[in-house]
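This is what each chain is made of:
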Amino acid sequence: MQPVNEFKSKSGLKRIFSAFFYSLDGLKAAWRHEHAFRQELGLFVVGTVIALLLRVSAFEKLVLIGVLLLVLIVELINSAIEAVVDRISLERHPLSKNAKDFGSAAVLLTCILAFATWAVILFNRFY
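Note that the coordinates shown come from a computational prediction; the quantities given were computed from them, not determined experimentally.

Enquirer: Go over the overall build of the protein, please, and point to the residues and values.
Expert: Of the regular secondary structure elements, the protein holds four helices and zero strands. Rg of the C-alpha trace for the protein: 18 Å, well past the compact-globule value of 14 Å for 127 residues, more than 25% over. Counting over 127 residues, the protein shows a buried share of 24%. For the protein, long-range pairs separated by at least 24 residues make up 62% of all intrachain contacts whose partners lie at least 6 apart in sequence. As displayed, the protein offers around 9700 Å² of accessible surface, 70% of which is attributable to carbon and sulfur atoms. Positive and negative side-chain charges in the protein, numbering 14 and 10 respectively, have mean positions lying 8 Å apart.

Following this line, the structure appears as structure tokens:
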């Protein structure tokens, strides 16, 4: 018999509400404890305002905002990986380093995608 996870026992609307509040807790924790998340959230807010003010199509606005949101999503996943690795052990280990480096690389690639997306849309709009 499988052990019962108390967090998985909810069903229906109660589960949806619980998941929503767990997600808010995650965002609050990221804001409090993750410097990179705060920086990227600042860029997201500024970028969203700029995207909404640009004279580009609604689809292009969505893409500009979407890639910035994707950076935040990947940063949250990276932070989760780092937290799990640190929870297991704080000692230096090559596999722990790989896990953290892979997460960091994912954030870097997402930032490159966001930059390239903004560059292409702005270049096409203004040149």
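Enquirer: Before we move on, could you go through the layout of surface pockets and cite the residues and values that matter?
Expert: Each pocket or cavity is described by its volume, and for the largest pocket that value is around 190 Å³. Lining of the largest pocket is provided by Gly26, Ala29, Ala30, His33, Glu34, Leu76, Ser79, Ala80, Glu82, Ala83, Asp86 and Lys100. Sort the elements by how many residues they give to the lining of the largest pocket and helix α3 (residues 58–88) lands first, with six residues. Looking at the lining of the largest pocket residue by residue, the classes come out as five nonpolar, three polar and four charged. Taken as a whole, the second largest pocket holds about 160 Å³ of empty space. At four residues, helix α4 (residues 94–126) tops the list of elements feeding residues into the lining of the second largest pocket.

Enquirer: Outline the environment of Ala99, supporting the account with residue identities and numerical values.
Expert: Its place among the elements puts Ala99 in helix α4. Taking the C-alpha atoms as reference points, Ala99 and Val67, 32 residues apart in sequence, are found 23 Å from one another. Leave out the neighbours within four places in its chain, and Ala99 touches Ile81 and Val85.

Enquirer: I'd like a description of the UniProt feature "transmembrane region" (unreviewed entry) in the protein, backed by residues and values.
Expert: Cross-referencing UniProt, the feature "transmembrane region" (unreviewed entry) maps to residues 41–58, 64–81 and 102–123 in the present numbering. Measuring from the first to the last C-alpha atom of residues 64–81 gives 26 Å, for a span that is 100% helix and 0% strand. Helix makes up 100% of residues 102–123 and strand makes up 0%, while its end C-alpha atoms are separated by 31 Å.

Enquirer: How would you summarise the pattern of salt bridges if you had to cite specific residues and measurements?
Expert: Taken as a whole and assessed by the stated rule, the structure comprises two salt bridges. Across the pair Lys97 and Asp101 runs a salt bridge whose closest N-O atoms are separated by 2.5 Å. Of this pair, Lys97 and Asp101 both sit in helix α4, four residues apart, roughly one helical turn. Residue classification places Lys97 among the exposed residues on the basis of a relative accessible area of 52%. Overall, Asp101 belongs to the partly exposed group, its relative accessible area being 36%.

Enquirer: Tell me about a nonpolar patch on the surface, and name the residues and values.
Expert: There is a patch of nonpolar side chains on the surface, built from Leu69, Leu70, Ile73, Ile77, Ile81 and Leu113 and spanning about 460 Å² of accessible area. Looking at where Leu69 falls in the secondary structure, it is placed in helix α3.

Thresholds, definitions, all that
Residues numbered from 1 in each chain as written. Predicted model: local features only at pLDDT ≥ 70, side-chain atom pairs only at ≥ 80, totals over all residues. Heavy atoms only, no water. Helix = DSSP H or I, 4+ residues; strand = E, 2+ residues; numbered from the N terminus. Rg over C-alpha atoms; globule rule 2.2 N^0.38 Å. Buried < 20%, exposed > 50% of the residue type's maximum accessible area, 1.4 Å probe, protein only. Contact = heavy atoms within 4.5 Å. Areas by Shrake-Rupley, 256 points an atom, 1.4 Å probe, with all protein chains shown as cover. Lys, Arg positive; Asp, Glu negative; His and termini not counted. Charge placed at Lys NZ, Arg CZ, Asp CG, Glu CD. 1 Å grid on protein atoms, 1.4 Å probe; cavity = no way out; pocket = protein on both sides within 12 Å on 5 of 7 lines; lining within 4 Å. Points joined across faces, edges and corners; volume = space filled by probe spheres on them. Nonpolar A, V, L, I, M, F, W, Y, C, P; charged D, E, K, R; others polar. UniProt positions renumbered as here; feature names shortened; annotations may be inferred. Salt bridge = Lys/Arg side-chain N within 4 Å of Asp/Glu carboxyl O. Patch = residues over 30% accessible without salt bridge, like charges linked within 9 Å, V, L, I, M, F, W, Y side chains within 5 Å.

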